[in-house]
Amino acid sequence: MVVRDFMITDVVCVEIPGNRDDVLRILKRTGISGVPVLKDGELVGIITRKDLLRKAEETQLGLLMTPDPVVIRPDAPISEAAQLMVRHNIRRLPVMEGGTMVGLISVADLIGAIAQLRSTLPIKDNYVSKTYALWEETPLSLVGRILEISGYDAIPVLMEDGTLTGIISERDLIRHSRIEDGVEVSDFSNGTDDDEWTWESIRDMHTISYGISKIQLLPIPVKNAMVKNVLAVPLNAEVGECALKMRRARVDQLPVVNGNKRLVAMLFDRELIKVLLPDQQALRKN
């Protein structure tokens, strides 16, 4: 199983010079998590949902993108793709051949490969992650900050009685964001109100007004933006069946529940692809 067998060849890209707002529209329309950035037809970077949310006031693609992205060959084994994604904590690899980008392989593509393997390894031993949850009334702006500082891609949402009611992810934040334009004023006066010797009449006042444009999350509770009717799996679920569920539902994560249907953990696709690593492949054969 090599990269060429699972990569996509119809890759959505953006070009420098370009517009941040165009990237936001692409991510909203397609639901993908990132796009390669080209300059004069050559690959120079990657822009992701995280970049847009963390640099909300930045508009230049060159400053938003991660430059010199990690790449892979089309004839490389998918285990190498999994190794690179895990090592660099990334979700996609441009596929390069002869200096030209010929495709892109993502975590979702590797999940498709895992589904084909039909692995019977249990998820509970190596692949589930501890998690915490949000209350369904949590403001969306606070959710964005929590995702940023926690490093999670998605967080489950609970009702007051602790029942799982949904999941909120970066994809949902992007869908419920908007571009907000405004004006800010900077005061460059030489004196301050704390200077006893400075009078208003002699203070050298300089103010500059400048326009800003930033991505703003809508002022709504998380329950109005989250994905409902969440697909969950039990702790004794197998790797292969979970990969198949992710593939069919087109989701990046699955809540893990106990026998009482109470949330106990999360299964993220970025953890599940570790089954493709060499040490895990050896474990599958035993």
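Conventions and cut-offs
Residues numbered from 1 in each chain as written. Predicted model: local features only at pLDDT ≥ 70, side-chain atom pairs only at ≥ 80, totals over all residues. Heavy atoms only, no water. Helix = DSSP H or I, 4+ residues; strand = E, 2+ residues; numbered from the N terminus. Contact = heavy atoms within 4.5 Å. 1 Å grid on protein atoms, 1.4 Å probe; cavity = no way out; pocket = protein on both sides within 12 Å on 5 of 7 lines; lining within 4 Å. Points joined across faces, edges and corners; volume = space filled by probe spheres on them. Nonpolar A, V, L, I, M, F, W, Y, C, P; charged D, E, K, R; others polar. Domains from an automatic or database assignment.

The name given to the protein in an unreviewed UniProt entry is Transcriptional regulator, with Methanoculleus sediminis as the source organism.

**Points about the side chain of aspartate 109**
Here aspartate 109 is to be found in helix 5 (residues 107-117). In this view, aspartate 109 contacts Phe6, Ile8, Leu104 and Arg247; residues no more than four positions away in its chain are not counted.

**Details of the layout of surface pockets**
The calculated volume of the largest pocket comes to roughly 740 Å³. Forming the boundary of the largest pocket are 28 residues, of which Gly31, Ile32, Ser106, Ala108 and Arg171 lie nearest the centre. Mapped by element, the contributors of at least two residues to the lining of the largest pocket are strand 2 (34-39), strand 6 (100-106), helix 5 and helix 9 (239-249). If one sorts the elements of the lining of the largest pocket by residue count, helix 5 sits on top with four residues. Split by residue class, the lining of the largest pocket holds 13 nonpolar, five polar and 10 charged. In this structure, the lining of the largest pocket is formed jointly by two domains, domain 1 (3-117) and domain 2 (128-169 + 220-284), each of which donates at least three residues. In this structure, the second largest pocket encloses a volume near 510 Å³. In terms of lining, the second largest pocket is formed by 23 residues, of which the most central are Thr48, Asn89, Ile90, Arg91 and Arg92. Going through the elements one at a time, strand 3 (42-48), helix 2 (49-54), strand 5 (92-97) and helix 8 (170-175) are the ones with two or more residues in the lining of the second largest pocket.

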